[in-house]
Amino acid sequence: MQQKIVVKVSMDNNKKTRKALKIAVSISGVVSASFVGSDKDQIAVTGDGIDSVELTTLLRKKVGYTELVSVGPVEAKKEEPKKPTVQVDPSYQYYYYQSYGEPYYYYYSYY
């Protein structure tokens, strides 16, 4: 079962930001990690069998203050209903021939 863990980390500069993301990705079972939140100070980690305590402990030791915001299952994306496609009947075609006078059309039927 995939789960999503959101962790708030105090990241002052780019070095700490890269280091925190590198630590989050290095844990076994992680599928993806991304920054979320208005200030991009939260890391959302998704994957199978991720230990949230291990993640927060590593981030606290190597980056700084870390707060576990939420742990829960990944929301399934809702599929949009497909629109019906319009199929053109290939049994007839219209041909348009350009002329100097009135345009004229030919109608050909193959069946």
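Described in the following lines is the structure provided in the data block. (Residues numbered from 1 in each chain as written. Predicted model: local features only at pLDDT ≥ 70, side-chain atom pairs only at ≥ 80, totals over all residues. Heavy atoms only, no water.)

### Some details on the overall build of the chain
Thinking step 1. Summing up its helical and strand segments, the chain has two helices and six strands in all.
Thinking step 2. Going residue by residue from the N terminus, the α and β elements of the chain occur as β-α-β-β-α-β-β-β.
Thinking step 3. In the chain, once contacts between residues fewer than 6 apart in sequence are set aside, the share between residues at least 24 apart is 55%. (Helix = DSSP H or I, 4+ residues; strand = E, 2+ residues; numbered from the N terminus. Contact = heavy atoms within 4.5 Å.)

### With respect to the packing of helix α1 (residues 14-26) against helix α2 (residues 52-62)
Thinking step 1. Taken N-terminus to C-terminus, the directions of α1 and α2 make an angle of 150°; their axes are 10 Å apart at the nearest point. When the interaxial angle is binned, α1 and α2 end up roughly antiparallel. The handedness of the crossing between α1 and α2 comes out as right-handed. Contacts from Lys19, Ala20, Ile23 and Ala24 in α1 reach Leu55, Leu58, Leu59 and Lys62 in α2.
Thinking step 2. By residue class, the composition of the contact of α1 with α2 is six nonpolar, no polar and two charged. (Axes fitted to C-alpha atoms, helices over the stretch in contact; angles between N-to-C directions. Parallel < 35°, antiparallel > 145°, perpendicular 65-115°, else oblique. Left-handed = near helix turned anticlockwise from the far one by under 90°. Nonpolar A, V, L, I, M, F, W, Y, C, P; charged D, E, K, R; others polar.)

### A few points about the nonpolar core
Thinking step 1. One finds Val9, Val45, Leu55 and Leu59 to be the most contacted residues of the largest nonpolar core, which totals 15 residues.
Thinking step 2. In contact with leucine 59, other than residues within four places in its own chain, are Val7, Val9, Ala20, Ile23, Gly64 and Thr66. (Core = buried A, V, L, I, M, F, W, Y, C linked by side-chain atoms within 4.5 Å. Buried < 20%, exposed > 50% of the residue type's maximum accessible area, 1.4 Å probe, protein only.)

### Some points on unusual backbone geometry
Thinking step 1. Even without a glycine there, the phi angle at lysine 40 is positive, about 55°.
Thinking step 2. Tracing the sequence through the fold places lysine 40 in the loop between β2 (30-36) and β3 (42-48).

### Considerations on the environment of isoleucine 5
Thinking step 1. For isoleucine 5, the position within the fold is in strand β1 (residues 2-9).
Thinking step 2. As for isoleucine 5 and valine 69, which are separated by 64 residues in sequence, their C-alpha atoms are 7.7 Å apart.

### Here we look at a positive patch on the surface
Thinking step 1. Positive charge collects at one region of the surface, where Lys15, Arg18, Lys19, Lys61 and Lys62 lie side by side.
Thinking step 2. Taken together, the elements giving at least two residues each to the positive patch come down to α1 and α2.
Thinking step 3. Here the positive patch gets three residues from one element, more than from any other, and that element is α1.
Thinking step 4. As for its position among the elements, lysine 19 is in helix α1.
Thinking step 5. Residue class for lysine 19 comes out partly exposed when judged on its relative accessible area of 39%. (Patch = residues over 30% accessible without salt bridge, like charges linked within 9 Å, V, L, I, M, F, W, Y side chains within 5 Å. Areas by Shrake-Rupley, 256 points an atom, 1.4 Å probe, with all protein chains shown as cover. Salt bridge = Lys/Arg side-chain N within 4 Å of Asp/Glu carboxyl O. Lys, Arg positive; Asp, Glu negative; His and termini not counted. Charge placed at Lys NZ, Arg CZ, Asp CG, Glu CD.)

### Section: the pairing of β1
Thinking step 1. In the sheet, β1 pairs with β3 via seven bridges, with the strands oriented antiparallel. The partner of lysine 8 across the bridge, within β3, is glutamine 42.
Thinking step 2. Sheet analysis places β1 next to strand β4 (residues 66-73), joined by seven bridges and oriented antiparallel. Across the sheet, residue isoleucine 5 finds its bridge partner in β4, namely valine 71. (Pairing = 2+ DSSP bridges.)

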